[in-house]
Amino acid sequence: MKLLRQTNFHIRIELSEVGFEHVSGARGERAVNIGRVMRARRRGELPPPYPNGWYALVESRDLKIEDVVPVDALGENFVVYRGADGAARVVDAYCPHLGANLGVGGTVSGNCLTCPFHQWRFDEDGVCTSIPGLEKVPKGISIKTWSCMETDGAVWVWYDAEGRAPQWVVPPVPQLDSWAYRGRNQFLVSAHIQEIPENGADVSHLNAVHTPSALSDLGAKYPILNNFIGHHVWSAEWSRSELGHMASIRIEHQYLLMKYNVLPIAGTVEQIGPAHVRLQFRSALGPLLLVQSITPLSPLLQRVVHRVYSPAYNAPVGMLFVYAEAIQFARDVAIWNHKRYVSSPQYVKSDRTIRAFRTWFAQFYSEHSKTFRDAHRSLDW
């Protein structure tokens with residue numbers, strides 16, 4: 001994995017950088033070969049690609065006052081903007097007049113969004129309040145507004161195939177009032193969205209995939225070296241939460257060096273809906289909070305972002321964790337980028353939590369959830 005574009009522990013990993021080391025060719029030829037490999041991949045019988053829930057569209061640090069950002073995700077074209085009052089808002093991208101994209105050249109005046117084409121102005125409720133050359137705006141002209149929230153360092157939109165209002169709210173994390181942001185890593189992953197949180201319930205994969213040290217992959221090739229460079233040992237327990245839209249995981253971690261546990265870590269993971277995760281870790285080096293967001297850019301392309309927060313006294317640990325977590329996550333990405341979804345696995349006893357996870361996750365699909373075929377067809381033009 002190449003850690004390109006790394007500035008102040010902001011790590012961005014492109015799709016072709018993980019799991020395609022076996023594909024040969026010069027730069028242009030290799031890109032074509034990677035595309036061929038991906039097109040030849042078997043998909044399996046996939047669930048709907050866009051479950052109902054909250055999705056991160058823009059990171060808060062990238063949305064200043066009067067900023068306008070176009071976002072294509074979930075089969076929709078959104079515009080996210082921040083008004084003079086500091087509130088973030090999400091609307092449909094296209095002006096109802098002649099279809100200009102409000103996110104490309106649109107401007108913010110107060111809390112209103114102005115179209116770049118004919119300067120039609122829409123207020124925070126999406127209602128058109130001003131049209132140049134007209135003293136009175138005709139009734140009924142508006143753009144769709146989307147329910148949104150701002151928490152955990154991002155602006156989130158509520159997506160629901162049935163058009164319902166948000167089915168749950170996400171309370172803030174109290175620690176973030178005093179803890180600071182330490183950095184982020186971002187991956188593009190070629191997988192169905194369900195595959196990514198399902199990893200949390202796949203307890204047996206932790207020691208199968210994540211035993212080698214985050215410092216080096218040599219232990220995977222030469223296991224005898226694990227005693228000298230160290231290796232990870234994991235135990236975890238997945239369960240439903242009392243709140244129906246949440247699940248939780250308790251994690252215990254050891255870093256063994258010559259059989260000595262030099263870095264015990266305990267963690268609690270909250271899965272909030274289909275695409276929002278909070279991981280709180282406790283160790284002798286101090287606490288950390290990692291927030292994961294998954295945003296479907298298309299049916300089989302996910303943008304996964306991890307943001308890390310910590311108290312001031314262990315800031316270096318937080319920044320190092322951004323890097324170490326990226327190394328571990330890339331090991332999953334290398335598998336996701338090539339696997340197919342198996343709707344009816346050959347379960348064994350240790351997979352009981354995967355079965356329970358799939359039953360739990362099914363609640364985020366509903367009668368009018370767009371099928372994979374329909375979602376994929378809408379991309380062909």
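Along each chain, the written sequence defines residue order, and numbers are assigned to residues from 1. Local features in this predicted model are restricted to residues of pLDDT 70 or higher, and side-chain atom pairs are both shown and tallied only at a pLDDT of 80 or more, whereas totals for entire chains, interfaces and linings draw on every residue. Excluding hydrogens and water, the side-chain figures rest on all heavy atoms present in the structure.

> Honestly, the overall build of the chain in this entry has me stumped. Any pointers?
Numbering of helices and strands starts at the N terminus; helices are DSSP runs of H or I of at least 4 residues and strands are runs of E of at least 2. When helices and strands are tallied, the chain shows eight helices and 20 strands. Taken along the three principal axes of its C-alpha coordinates, the chain extends 80 × 50 × 50 Å. Put simply, the chain has 381 residues, and 49% of those count as buried. Between two residues, a contact is recorded if the distance between any of their heavy atoms is within 4.5 Å. Taking the contacts inside the chain whose residues are at least 6 apart along the sequence as the reference set, 58% of them involve residues at least 24 apart. Charged residues are defined here as Lys and Arg on the positive side and Asp and Glu on the negative side; His and the ends of the chain fall outside this count. Lysine's charge is taken at NZ, arginine's at CZ, aspartate's at CG and glutamate's at CD. Within the chain, one finds 39 positive and 36 negative side-chain charges whose respective centroids are separated by 6 Å. Think of it in three bands: residues with accessible area under 20% of the maximum for their type are buried, residues over 50% are exposed, and the middle band is partly exposed, with areas taken using a 1.4 Å probe on protein chains only.

> In this structure, what is going on with helix α7 (residues 352-361)? I would like to understand it.
The α-helix winds at 3.6 residues per turn, so residues separated by three or four positions along the chain end up facing the same way. Thr353, Ile354, Phe357, Arg358, Trp360 and Phe361 are the residues of α7 that are buried. The buried residues of α7 occupy one face: seen down the axis, they fall within an arc of 160 degrees. Exposed residues pointing more than 90 degrees away from the buried face of α7 are listed as Arg352 and Thr359. Tucked into the core, α7 has its buried residues touching α2 (195-201), β14 (231-240), β15 (246-257) and β17 (265-272). Think of the arc as the fan of directions from the helix axis to the C-beta atoms.

> What's the story with the sheet that holds strand β9 (residues 128-130) in this structure? I'm lost.
Neighbouring strands of a sheet are bound in pairs by backbone hydrogen bonds; such pairs are parallel or else antiparallel. When DSSP locates at least two bridges between a pair of strands, those strands are taken to pair. The four strands are arranged β6-β7-β8-β9 in an open sheet whose pairing can be described as antiparallel. Unpaired on one side and paired on the other, β6 (107-109) and β9 mark the two borders of the sheet. Bridging between strand β8 (residues 121-122) and β9 involves two bridges; their strand directions are antiparallel. Across the sheet, arginine 121 pairs through a bridge with serine 130, a residue of β9.

> Looking at this structure, I do not really get the packing of aromatic side chains. What am I missing?
Each aromatic ring pair is summarised here by two numbers: the centre-to-centre distance and the angle between the ring planes. Classification of ring pairs rests on two measures: the distance between centres of Phe, Tyr or Trp rings, Trp counted by its six-membered ring, which must be within 6.5 Å, and the angle between planes, read as stacked under 30 degrees, edge-to-face over 60 and tilted in between. The tally for this structure, following the rule as stated, stands at 17 aromatic pairs. Here the aromatic rings of tryptophan 54 and tryptophan 158 are separated by 5.5 Å at their centres, their planes lie at 65 degrees, and the arrangement is edge-to-face. Within this pair, whereas tryptophan 54 is found in strand β2 (residues 53-59), its partner tryptophan 158 is found in strand β12 (residues 154-159), the two being separated by 104 residues in sequence. Comparing tryptophan 54 with tryptophan 158 shows no difference in burial state: the two are buried. Following the ring pairs from residue to residue traces out a cluster consisting of Trp54, Trp158, Trp168, Trp238, Phe357, Trp360, Phe361, Phe364 and Tyr365.

> Which parts of the structure should I look at to understand the state of the cysteines?
Here is the idea: a disulfide is a covalent bond, and it sits between the sulfur atoms of two cysteines. Cysteine sulfur atoms are paired as a disulfide whenever they come within 2.5 Å of each other. Summed over all chains, the structure comprises zero disulfides. Cysteine 115 carries a free sulfur, and the closest cysteine sulfur to it, the one in cysteine 95, is 3.9 Å from it. Free of any disulfide, cysteine 128 has its nearest cysteine sulfur in cysteine 95, 7.4 Å distant.

> Help me understand the nonpolar core, please; the structure alone is not making it clear to me.
Generally speaking, a soluble globular protein has its nonpolar side chains buried in company with each other. Buried Ala, Val, Leu, Ile, Met, Phe, Trp, Tyr and Cys residues form a nonpolar core when they are joined through side-chain atoms within 4.5 Å. Counting 65 residues, the largest nonpolar core has Leu57, Phe78, Phe187 and Val189 as the members making the most contacts within it. With seven residues, helix α6 (residues 315-336) is the largest single contributor of residues to this core. When neighbours within four sequence positions are excluded, leucine 57 is seen to be in contact with Val71, Ala73, Phe78, Val80, Val90, Val155, Val157 and Arg303. Counting residues in each nonpolar core, the second largest holds 18 residues, with Leu102, Val108, Val137 and Ile141 among its members.

> So what exactly am I meant to see when it comes to a nonpolar patch on the surface here?
Patch membership requires more than 30% relative accessible area and the absence of a salt bridge. Residues of like charge join within 9 Å; the nonpolar side chains Val, Leu, Ile, Met, Phe, Trp and Tyr join within 5 Å. In short, Shrake-Rupley with a 1.4 Å probe defines the accessible areas, and a residue's cover is counted only from the protein chains shown. Between Lys or Arg on one side and Asp or Glu on the other, a salt bridge is scored when a side-chain nitrogen of the former is within 4 Å of a carboxyl oxygen of the latter. Together, Leu218, Tyr222, Ile224, Phe228, Leu257, Met258, Tyr260 and Val262 make up an exposed nonpolar region whose accessible area comes to about 870 Å². Secondary-structure assignment places leucine 218 in helix α4 (residues 218-221). The exposure class of leucine 218 is partly exposed, given its relative accessible area of 42%.

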